[in-house]
Amino acid sequence: MSMSNANFPMDAEGRTYHVGVKRGELANRIITVGDPARAIVLSRTLDGVDPSAPVKSISANLFSHASHRGFLTITGRYKGTPVSIVAIGMGVSMMDFFVRECRAVVDGPMTIIRLGSCGSLSDAKVGDICVPSSSYLVQRNYDYFAEDSSASSASPYILSKKFDADPEVTATLVKNMSAQLGDNHVWNGINATADSFYSSQGRQDENFVDNNQELFTELVKYEPGTLTLEMETFLLYHLARTSTVAPLKEESKVKAAATSNKHSIRAGACMMVFAQRKSNEFISKEDVARVEPLAGKAVFDSLVEVSLGDESELHATEGS
Ligand code: R1P
Ligand code: URA
């Protein structure tokens, strides 16, 4: 694979370096998940897929591309509208690859909704769905653990400011999730995205010094509406907030447009509770198989229900 442009590598066909997609392969409406197996389950809801086909395979009616870096893209239609499903793996770096590389090869406004799994710090039970209106980042303060930590030893974990989801996407997700799962299984609140499944999610590990025994208390004190912990949503909301409606001109690159209210990406997220952190319960395989397709349907319904935004403000990348 030969790439050009070290600033934003693309191959000769115009495929991005990590996600491996090119113009025309992705829809403006995208559902993103962590697990490729979840992407395949969700693809069974798309138009023209034979429900009797093998559960673990992608229908030949759909476009699909598996990249050499573990991203899986599936594109088809839902109720006639083009949609894509992209499985990205785990963590904020993977979300960064995904959002930036997809943005680079899609023209016009985009809506991106994450359907993930999470741990619940609240009363949300395993199998329930949480739809966060906003998300903050929980980062391990590496300096705190350094040999010479005198300068920056304030706290072992650093909590960022919150970034918001698109309010209409959130309200639509709550409504459609409630229709699929019942009001009492759907929660709306605040998410915390952690940079580890372990230390910065307050898991106790006797093999490492983590100083995280008080972390849950700190999170709830910092943001009393904190419901969930997972590993990607913050970056999706953050990048949507910093997305521009047109490529930045050279002179405005220094002073970023993050304060503008116009963005080319509308973002939302919802997550299935896999781990109940207060009771220490973990979801069963059967519950995952029951909830995933219902939640997926609610996300597809939301993706096609919410307008993409002003399509006259096309986001055409250089050279397109
Ligand atoms: C950890 O097990 C993973 O599960 C959650 C976390 O965000 C992390 O990626 O989401 P996914 O199920 O979408 O991967
Ligand atoms: N995903 C996470 O990141 N944390 C959990 O506890 C469960 C799923």
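Going by the structure above, here's the rest.
Quick summary incoming for the structure in this document. (Residues numbered from 1 in each chain as written. Chains lettered and ligands numbered in written order. Predicted model: local features only at pLDDT ≥ 70, side-chain atom pairs only at ≥ 80, totals over all residues. Heavy atoms only, no water.)

Neighbouring ligand 2 are S117, C118, G119, F197, Q201, R203, L229, E230, M231 and A275. At a separation of 3.5 Å, an oxygen atom of ligand 2 approaches a polar backbone atom of G119. Within the complex, the protein chains bury 92% of what would otherwise be the 240 Å² of accessible surface of ligand 2. A per-element tally of the shell around ligand 2 places strand 7 (residues 110-120) first, with 3 residues. In the shell around ligand 2, the residues fall into 5 nonpolar, 3 polar and 2 charged. (Near = heavy atom within 4 Å. Polar contact = N/O pair within 3.5 Å; in protein donor to acceptor, adjacent residues only side chain to side chain. Areas by Shrake-Rupley, 256 points an atom, 1.4 Å probe, with all protein chains shown as cover. Helix = DSSP H or I, 4+ residues; strand = E, 2+ residues; numbered from the N terminus. Nonpolar A, V, L, I, M, F, W, Y, C, P; charged D, E, K, R; others polar.)

This part covers helix 3 (residues 167-181). Between its terminal C-alpha atoms helix 3 stretches 21 Å, which fits the 21 Å expected from 15 residues at 1.5 Å a residue. Those residues of helix 3 lying buried are V169, T170, T172, L173, N176, M177, S178 and L181. Residues of helix 3 that are buried in the fold lie against strand 7, strand 8 (129-140), strand 11 (186-194), strand 13 (265-276) and helix 6 (285-305). Looking at where helix 3 begins, the residue whose side-chain oxygen comes 3.0 Å from the main-chain nitrogen of E168 is D166. Just beyond helix 3, the residue with positive phi is G182, at close to 95°. (Expected span 1.5 Å × (residues − 1). Buried < 20%, exposed > 50% of the residue type's maximum accessible area, 1.4 Å probe, protein only. Contact = heavy atoms within 4.5 Å.)

A separate point is the site of ligand 1. Around ligand 1, the structure places G34, R38, M90, R114, G116, S117, F197, E230, M231 and E232. Between ligand 1 and G34 there is a distance of 3.2 Å, counted from an oxygen atom to a backbone nitrogen or oxygen. Here an oxygen atom of ligand 1 and a side-chain polar atom of E232 are 2.5 Å apart. Out of a free accessible area of 350 Å², ligand 1 has 85% covered by protein chains. The element that contributes the greatest number of residues to the shell around ligand 1 is strand 7, accounting for 3 residues.

Turning our eyes to something else, we now look at the side chain of S302. Among the structural elements, S302 can be located in helix 6. Take S302: its relative accessible area is 0%, and that puts it in the buried class. Excluding residues within four positions of it along the chain, S302 makes contact with I113, T172, L173 and N176.

Attention now goes to the pairing of strand 8. Of all 12 residues that make up strand 8, 10 are buried, and the element is covered over most of its length. Relative to strand 13, strand 8 is paired through 2 bridges, and the arrangement is antiparallel. The residue bridging I129 from the neighbouring strand is M272, located in strand 13. Strand direction decides the pairing type here: strand 8 and strand 10 (residues 163-164), joined by 2 bridges, are antiparallel. Across the sheet, residue S135 finds its bridge partner in strand 10, namely F163. The pairing of strand 8 with strand 9 (residues 157-159) spans 3 bridges and is classified as antiparallel. Bridge assignment links V138 to a residue of strand 9, and that residue is L159. (Pairing = 2+ DSSP bridges.)

Before going further, it helps to spend a moment on the packing of aromatic side chains. In this structure the tally under the stated criterion is 7 aromatic pairs. When the ring of F274 is compared with that of F282, the centres are 6.4 Å apart and the planes differ by 70°; the resulting orientation is edge-to-face. A relative accessible area of 53% means that F282 is categorised as exposed. Positioned over the ring face of F145 is R140, at 4.1 Å from the centre of the ring. Taking the ring centre of F197 as reference, the NZ or CZ of R203 above it sits at 3.7 Å. (Phe/Tyr/Trp six-rings, centres within 6.5 Å; stacked < 30°, edge-to-face > 60°. Lys NZ or Arg CZ within 6 Å of the ring centre and 35° of its normal.)

Geometric values such as these leave the question of function open.
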